[in-house]
Amino acid sequence: MILVFIEVRDGQIKKYNLEILSEGKRRADELGVNLEAVLIGPNLEGQAEDLFTYGAKKVHLLEHPQLSSYSPSAYTAALLQLLEEVKPAVVLFPASSMGKDLAPRVAAGAGVGVASDCIRTSVEEGQLEVVRPIYAGKALAAFRFNSSPAVATLRPNVFPAMEPSDQKGEISKKELSIPEDRFGDRVDEYLKGEGAELDVTEADIIVSGGRGMKGPENFALLKELAAILPHAAVGASRAAVDSEWIGHQHQVGQTGKTVSPNLYMAFGISGAIQHVAGMSSSKVIVAVNKDSEAPILKMADFGVVGDLFQVIPPLKEELKRLLSE
Amino acid sequence: MNLFVFVKRVPDTESKIKIDHEKRTIVEEGLNFVLSPYDEYAVEEALRLREAKGGRVVIFSVGAETSKVILKKCLAMGADDAVLLKDEAPESYDGLRTSKVIAKALQTKFKDFDLLLFGRQSMGADNAQVPSMTAELLGLPQVNVVTKLEIEGNRGTAEREIEGASEKVSFSLPAVISAQKGLNEPRYETLKGIMAAKRKEIPVLTVEDLGLSAADLAPQLKMTGLESPPVRQAGTVIDDEPVIAAKKIVEFLREKAKVI
Ligand SMILES: Cc1cc2nc3c(=O)[nH]c(=O)nc-3n(C[C@H](O)[C@H](O)[C@H](O)COP(=O)(O)OP(=O)(O)OC[C@H]3O[C@@H](n4cnc5c(N)ncnc54)[C@H](O)[C@@H]3O)c2cc1C
Ligand SMILES: Nc1ncnc2c1ncn2[C@@H]1O[C@H](COP(=O)(O)O)[C@@H](O)[C@H]1O
């Protein structure tokens, strides 16, 4: 059986969970095993129904009065009880902030390893194989698992979500007993980001600015551009972040975030190796740079040699016109 | 407070990674190795906590003798002591092995601590595993990807970064923390620090000293392939008037790339 951990935050299930569930379904079909999902928290029956339509035959609801907010230790205790009982062959988590926090802890509790942040899965010789970037994407490594269950986190925005069907399934509720000392770490409060922006790791389109943006006020240009484009977020190079023109959560690169959007637009970014490490797996790259020798123009699918301050305003107009048609 | 910090020696971010296809490893020759960047934030935070509350900062690294260089750097930044947990195994991208070595060392030889500080992810393995795994092996609370930390008596609060927002977590000590950029600004080594670090002995404990057997440390993952990512080819580059360039970008996005 393949078990997929579905992250619930604020009562919501984000899209990437359904991508991971879909990938789990594809591998479960290939291996000839069932797909099941697990949800943690109170009042989640409605959410479980959705998961059936993505191929889950059974959804485990782990409820406990104290599991309404995230606690890595308590969530781990809950999941370890489930693993003990249902003995999955594979456990998949989204490589989201919660999945990355939790999966290694659960794996260590089960005495097994984890493959982090995988971008491909397949079945080879009857076994699960995963591919993951290492050295910030400067190499790709394939792994199989020496112990069971195989645990992996799968990167959001990489795996296609399937078309939901009208399949139904079974809900399984479990009474949990979680020791008091498993509540030593609890989320007390959710602090919204600046204007609840879309995170770069979740965006389909990223418009990113570097030192060429010249100052913090000019990031407004990129925000306007992002507002015109569907599901877009603003990114930045470290040079822009270190100058405090924009918050570090926008930084793309080896010490920032690794992104693989459908479209990455780089404005006034030279294309240093540490920046490229974080965005080279973008499906399409467009760059605007006034230096025709800038490395970013040698890897962009479409490059413009020019002044970003002159290109962005007409670009905005063109996009507005086109997207409002 | 007894503050323990865990640091790893990694290729610097400038490195071009070459692959030895026969041995299925990266070619280490010619790479420049450094203290993993996020670990610097962890060291800095420990030093600041010591300055505010007193206590000791002890640095640990799991790795070969070559890891002593980064331990010296941490001593030069101001750490009190450093210990090498010697493990000569090549990089396996398996966080459980490292976590078991750390957990065993703490359970058997270094039982007295208040806070364990890590980087949020080591450069290279890019695992983000060792902090959570160590926390589970030792049964400790954890807060990862921390951008703000406050300790009051035997409790702490931390802000940790999540998608487009943060969450505030309260926890009890002892605990595991992993540092994210933004937590602080790491200091440079001072000349005095460098001189003192030179003279300092770094004790070495092997995995055998810790009583770990080959079976304890059996690899969990088996690498079955290692390749370079596809090289991106240069596409079209234009040098037109801005208004025309803007039109052409949009045309490209719609007609060729089909992303809008
Ligand atoms: C340990 C370490 C980790 C790092 N991690 C990261 C990371 O995660 N992410 C990251 O991005 N960097 C990282 N870096 C930094 C990296 O090496 C570069 O310094 C950084 O990416 C440069 O940012 P930039 O391209 O914005 O600036 P620059 O390299 O200065 O480039 C600015 C570009 O803007 C162009 N330009 C200027 N004005 C205009 C204009 N009006 N119109 C159009 N173009 C214009 C210039 O031609 C130039 O190409 C790291 C470095 C180290 C040492
Ligand atoms: N070999 C090691 N020795 C000491 N600490 C380590 C080692 N590997 C990882 N760590 C710590 O765990 C953090 C996360 O590493 P990783 O799980 O490899 O991404 C690092 O930033 C270090 O703080």
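Here the structure is a predicted model, which is why all the values come from computation and not from measurement. (Residues numbered from 1 in each chain as written. Chains lettered and ligands numbered in written order. Predicted model: local features only at pLDDT ≥ 70, side-chain atom pairs only at ≥ 80, totals over all residues. Heavy atoms only, no water.)

J.: Give me the pattern of salt bridges: which residues, what numbers.
T.: This model, assessed by the stated rule, comprises 44 salt bridges over all chains. The partner of Asp80 of chain B in a salt bridge is Arg50 of chain B, and the shortest N-O contact between them spans 2.9 Å. Residue Asp80 of chain B is located in the loop between helix H2 (68-77) and strand S7 (81-86), and its partner Arg50 of chain B is located in helix H1 (residues 37-53); the two are separated by 30 residues in the primary sequence. Overall, Arg50 of chain B belongs to the buried group, its relative accessible area being 18%. Linked through salt bridges whose partners overlap, the residues forming this network are Glu7, Arg9 and Asp101 of chain A together with Arg160 and Glu167 of chain B. (Salt bridge = Lys/Arg side-chain N within 4 Å of Asp/Glu carboxyl O. Helix = DSSP H or I, 4+ residues; strand = E, 2+ residues; numbered from the N terminus. Buried < 20%, exposed > 50% of the residue type's maximum accessible area, 1.4 Å probe, protein only.)

J.: Give me H1 of chain B: which residues, what numbers.
T.: Residues and elements named next belong to chain B. For H1, built from 17 residues, the straight-helix expectation of 24 Å at 1.5 Å per residue is met to within 8% by its first-to-last C-alpha distance of 25 Å. Along H1, the residues classified as buried are Tyr38, Asp39, Tyr41, Ala42, Val43, Glu44, Glu45, Ala46, Leu47, Leu49 and Arg50. A positive backbone phi angle near 80° is found at Gly54, which sits one or two residues after H1. (Expected span 1.5 Å × (residues − 1).)

J.: Break down empty space enclosed by the protein for me, with residues and values.
T.: For the structure shown, the criterion picks out 3 cavities of 30 Å³ or more. Of the voids in this model, the largest cavity is the one considered here, and its volume is about 680 Å³. If you go around the largest cavity, you meet 43 residues; those closest to its centre are Ala95, Lys100 and Thr201 of chain A together with Arg120 and Gln121 of chain B. Mapped onto the lining of the largest cavity, the elements with two or more residues apiece are helix H4 (97-110), strand S7 (114-118) and strand S9 (127-134) of chain A together with helix H4 (130-138), strand S9 (142-152) and strand S10 (155-162) of chain B. Each residue belonging to the lining of the largest cavity can be placed in one class, and the counts come to 13 nonpolar, 18 polar and 12 charged. Approximately 50 Å³ is the volume attributed to the second largest cavity. Together, His248, Gln249, Gln251, Thr255, Gly256 and Lys257 of chain A together with Tyr38, Arg120, Glu161, Gln180 and Lys181 of chain B line the second largest cavity. Tallied by class, the residues present in the lining of the second largest cavity amount to 1 nonpolar, 6 polar and 4 charged. (1 Å grid on protein atoms, 1.4 Å probe; cavity = no way out; pocket = protein on both sides within 12 Å on 5 of 7 lines; lining within 4 Å. Points joined across faces, edges and corners; volume = space filled by probe spheres on them. Nonpolar A, V, L, I, M, F, W, Y, C, P; charged D, E, K, R; others polar.)

J.: Mind laying out a nonpolar patch on the surface, listing which residues take part and the relevant values?
T.: There is a patch of nonpolar side chains on the surface, built from Leu191, Ile194 and Met195 of chain B and spanning about 290 Å² of accessible area. Along the chain, the position of Ile194 of chain B falls in helix H5 (residues 191-199). (Patch = residues over 30% accessible without salt bridge, like charges linked within 9 Å, V, L, I, M, F, W, Y side chains within 5 Å. Areas by Shrake-Rupley, 256 points an atom, 1.4 Å probe, with all protein chains shown as cover.)

J.: Could you give me a rundown of unusual backbone geometry, with the residues and numbers involved?
T.: Residues Ser148 of chain A and Pro149 of chain A are joined by a peptide bond in cis, for which omega reads 0°. Along the chain, the position of Pro149 of chain A falls in the loop between strand S10 (139-145) and strand S11 (150-154). The omega torsion of the bond from Leu173 of chain B to Pro174 of chain B falls at -5°, within 30 degrees of zero and hence cis. Mapped onto the fold, Pro174 of chain B is located in the loop between strand S11 (165-172) and strand S12 (175-179).

J.: Tell me about the packing of aromatic side chains, and please be specific about residues and values.
T.: Summed over the entire model, instances satisfying the criterion amount to 12 aromatic pairs over all chains. Aromatic side chains Tyr70 of chain A and Tyr75 of chain A sit 4.9 Å apart centroid to centroid with 90° between the ring planes, which places their arrangement in the edge-to-face category. Overall, the relative accessible area of 3% leaves Tyr75 of chain A in the buried class. Note on Phe4 of chain B and Phe110 of chain B: the rings are 6.5 Å apart at their centroids and 90° apart in plane angle, and the pair reads as edge-to-face. Residue Phe4 of chain B is found in strand S1 (residues 2-6), and its partner Phe110 of chain B is found in the loop between helix H3 (95-108) and strand S8 (115-119); the two are separated by 106 residues along the sequence. Look at Phe4 of chain B and you get buried, because its relative accessible area is 4%. Lying over the aromatic face of Phe33 of chain B, Arg9 of chain B brings its terminal NZ or CZ to 3.8 Å of the ring centre. (Phe/Tyr/Trp six-rings, centres within 6.5 Å; stacked < 30°, edge-to-face > 60°. Lys NZ or Arg CZ within 6 Å of the ring centre and 35° of its normal.)

J.: So, the site of ligand 1: which residues are in play, and what are the values?
T.: Lining the immediate environment of ligand 1, one finds 27 residues, of which Arg211, Ser237, Thr255, Ser270 and Gln274 of chain A sit closest. Mapping the residues near ligand 1 onto chains gives chains A and B. In this structure, Gln251 of chain A approaches ligand 1 through a side-chain N or O atom, which is 2.8 Å from an oxygen atom. A distance of 3.1 Å is found between an oxygen atom of ligand 1 and a backbone nitrogen or oxygen belonging to Gly268 of chain A. About the coverage of ligand 1: the protein hides 80% of its 980 Å² of free accessible area. Among the secondary structure elements, those contributing two or more residues to the shell around ligand 1 are helix H6 (238-242), helix H7 (273-279) and helix H8 (308-324) of chain A. (Near = heavy atom within 4 Å. Polar contact = N/O pair within 3.5 Å; in protein donor to acceptor, adjacent residues only side chain to side chain.)

J.: Requested: an account of the pairing of strand S1 (residues 2-5) of chain A, with residues and values cited.
T.: All names here are of chain A. Across the two faces of S1 the burial is the same, with Ile2 and Val4 and Leu3 and Phe5 all buried. Pairing of S1 with strand S6 (residues 90-94), which is carried by 3 bridges, proceeds in the parallel orientation. Along S6, the bridge assignment pairs Ile2 with Val90. (Pairing = 2+ DSSP bridges.)

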